[in-house]
Amino acid sequence: MQKTFLIEGMDCADCARHVEEGVQKLPGVQFARVDFATAQLVLEGEIDETSLHQRVQALGYRLKNESTPVPEKPESFWLGLGRYLLSEGETRLALLGGAFLLISAVLRFFAGTSTIALGLQLVALGLAGYPIARSALANLFINRSISINLLMTLAAIGAVIIGESGEAATLIFLFALAEALEGYSTDRARRTLNGLQNLTPTHALRLGADGEHRVPVQALSPGDRVRVRPGERIPVDGVVQSGTSDVNQAPITGESLPVFKQPGDSVFAGTVNGNGALDIQVTRLAKDSTLARIVQMVTEAQGRRAHLQRWIDRFAAFYTPAVVGIAFLVAVIPPLFFHQPFWNTPEAHGWLYRALALLVIACPCALVISAPVTILSGLTAAARQGVLIKGGVYLETLARVKRVAFDKTGTLTLGKPVLTDHRAVDCPGCEDRSACPACRDVLALAAALERASAHPLAHAVVFASQAQGVHQRYPTAQNLTTLNGGGIQGWIEQDVVTLGSHTLFEKQFPHSAALCAQVETLEQTGETTMLLSQNGTVRGYLAVADEIRPESRQVVDDLHRLGIRTVMLTGDHPAAAQRVARQLGVDEVRAGLLPEQKLQAVEELARADGTLAMLGDGINDTPALSAAQVGIAVGGASNAQAMETADVVLLGGDLSKLPYTLRLARFVMRLIRQNVVFSLGIKALFLVLAVLGVATLWMAVLADMGVSLLVIFNGLRPLRFPQGTLHPNG
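Predicted model only: the values in this text are computed from it and were never measured.

Participant: I'd like to hear about the pattern of salt bridges, residue by residue, with values.
Facilitator: Across all of its chains, the model carries 23 salt bridges by this definition. Of the charged contacts, one joins aspartate 421 and arginine 433 as a salt bridge, the two residues approaching to 3.2 Å between their closest N and O atoms. Here arginine 433 lies in the loop between β16 (413-424) and α15 (437-450) and aspartate 421 lies in strand β16, a separation of 12 residues in the sequence.

Participant: Please provide a residue-by-residue account of the nonpolar core, values included.
Facilitator: Core analysis: the biggest nonpolar cluster contains 51 residues, and Ile389, Leu398, Val404, Ile632, Leu658 and Ile672 have the highest contact counts within it. If you tally residues by element for this core, the top one is helix α24 (residues 657-691), at 11 residues. Membership of the second largest hydrophobic core comes to 46 residues, among which are Ile148, Tyr319, Leu352 and Cys365.

Participant: Requested: an account of the confidence of the model for the protein, with residues and values cited.
Facilitator: For the protein, per-residue confidence averages 84 on the pLDDT scale, and residues scoring 70 or more make up 91% of the total. When the criterion is pLDDT under 50, residues 67-72 qualifies, and its contacts beyond four places in sequence or with other chains add up to seven contacts. Across residues 725-730, confidence stays below pLDDT 50; counting only partners more than four residues off in sequence or on other chains, it has 12 contacts.

Participant: A description of the packing of aromatic side chains should follow, citing residues and the corresponding values.
Facilitator: On inspection of all chains with the given rule, the structure shows four aromatic pairs. The interplanar angle of 85 degrees and the centroid separation of 5.0 Å between the aromatic rings of phenylalanine 342 and tryptophan 343 together place this pair among those described as edge-to-face.

Participant: Tell me about the pairing of strand β25 (residues 630-634), residues and numbers included.
Facilitator: Most of β25 sits inside the fold, with five of its five residues counted as buried. Of the two faces of β25, the one lined by Val630, Ile632 and Val634 and the one lined by Gly631 and Ala633 are each fully buried. In this structure, strand β24 (residues 612-616) lies alongside β25, joined through four bridges in parallel fashion. When the sheet's bridge partners are listed, glycine 616 is paired in β25 with alanine 633. Across three bridges, β25 lies against strand β26 (residues 648-650) in parallel orientation. Residue alanine 633 lies in a different strand from β26, and its bridge partner there is valine 649.

Participant: Summarise unusual backbone geometry; cite the residues concerned and give the values.
Facilitator: Backbone geometry places arginine 144, a non-glycine residue, at a positive phi of 60 degrees. With respect to the helices and strands, arginine 144 occurs in the loop between α5 (114-143) and α6 (148-161). A positive phi angle, near 55 degrees, is found at glutamate 493, a position not held by glycine. Topologically, glutamate 493 is positioned in the loop between β18 (487-492) and β19 (495-500).

Scoring rules and cut-offs
Residues numbered from 1 in each chain as written. Predicted model: local features only at pLDDT ≥ 70, side-chain atom pairs only at ≥ 80, totals over all residues. Heavy atoms only, no water. Salt bridge = Lys/Arg side-chain N within 4 Å of Asp/Glu carboxyl O. Helix = DSSP H or I, 4+ residues; strand = E, 2+ residues; numbered from the N terminus. Core = buried A, V, L, I, M, F, W, Y, C linked by side-chain atoms within 4.5 Å. Buried < 20%, exposed > 50% of the residue type's maximum accessible area, 1.4 Å probe, protein only. pLDDT = per-residue confidence, 0-100. Contact = heavy atoms within 4.5 Å. Phe/Tyr/Trp six-rings, centres within 6.5 Å; stacked < 30°, edge-to-face > 60°. Pairing = 2+ DSSP bridges.

Shown next as structure tokens:
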């Protein structure tokens, strides 16, 4: 049985690792995973929750079982920090210790009362240091590992031994304050993800035989009807039963403009209703809504860590014990072999003090926090724009993409044919077909034949006739007959009208060589042609082609500016594929591919380029999406299969989110590298200063605190990442 708990008090990924190791050792626990980014403990097995609470508390943290987070009002950073400091038991002790430390400093400055000041310093050290020392010893005995808290405890004890009680108390107070600052900043980062979940209202107006009833959304079942008033958030996934309105779907799909909804249209929980009231039939439970699944997938994505993040975690696991060993050598070797002072002297810090400073400086907080906060920010920023990325590993892969492979139909095109041309035999050579009476008549006759058909090509003809205002010129054809060879025939008023393929007309309806050449030219460019005859006389032709997405050309251009090559993989006719590729500027085309051939092409391109992203509709392209290093499904907010199978989902079907996602991925990985280099660089500098005897204990903890906070704030920058086009290098 799997249970989920929230862990309070974790301020870095090292804390999460210690909790995970400690819980894993409890009897009955089969599996335990603690995700620092979301502060969640996922547990499998049979275990007494009292024992679990005691173990987590012994390690210095707190555990509480929660369901949906309670929405919080926005507050300023400093007001929120003050509230956070006063709400935590450990920080209250640290603040009390800081007060005693301040009093001791005042006494020493004005009265020179060293004995009382010393006593106050030791009290301050005990108050602020008790939670830190308790956690350090518990982790040492339970997990058999050296934690950051143990480094600080050793440094403080060493400082007291060498007579630096004031500096020891200052060290522990600043460390506790730094941990609180890190914890609060990280908690704000976590709330960016919770903010997505909190978009869903807690109650809804359910419609019954006796009127409206306000009920919790968890009480709604599929088939229930709810009413959403103008300006309210839609509480559940459902289908509009009555009413029309514009709905802002940006929280789910990232669409910048509201979408018009009418009866029969799907709506999503968390979206905002416009000016009209909507009655909606519930289609999913609240816990299974699209928004809830997005939040769940982003949360689960934390477990799919990027390679760089896993390297940082492994490095930190060996780094801390190594630092203790190095500090021991720094304290012992110079006094033993080079006659250097072990204790402090009036002229300089002794080597024990330098070793203690080294322990403080080497604290790996900034290093281990650099990746998870940044990746969480990146995943959340993408989700806000309607892009679901299912893990840091895919974010890292997207940053390395060198080539993008597109499916054609439904990806670069809308998968919906439109009328591109129509011409009458007796057309005088007009440029504007919609103004030519003869050409308009050909379209009107074809629409009268196709009006009763459900074929996509028929829809294209009828839609074009409506756009040109000729759809009612003739009544709907009667006695329709489907012809072998690709065509349809029927009676319109007193005339027999036939619409069919070029092959059919070559056999049954003679036509001029000039018309034949025009049709063949269109077919060579990938368009589908249909000829029309009236009482056996050929009247003209119509040409239909798949409509290209409006944003496709800009997307391909943006990818090229990012230095990414493009290729189209399609089962469509080569001529049709080449026509689309020429219009969009795609680098390479592979057409006429069967599904297994498309899969082979993806595998070949992946081997050649190293990192390949494949875009498809998430259903029939599933094998090819799986073969690529990262599979991207276009569309999916209403498509459960696309959300489950692809590594990345463009929820609104907006292809323009692709360049944004690639630039965001590059930005996130660049920030992680900056954080790692900055963390290690500052620590290396202060390690040198510590060994030289320049750095003091309080300087060391301030440097560590400053680096940690800068890393956190730098890691939050993806939340403000712009969607517009940036520099070609991302």
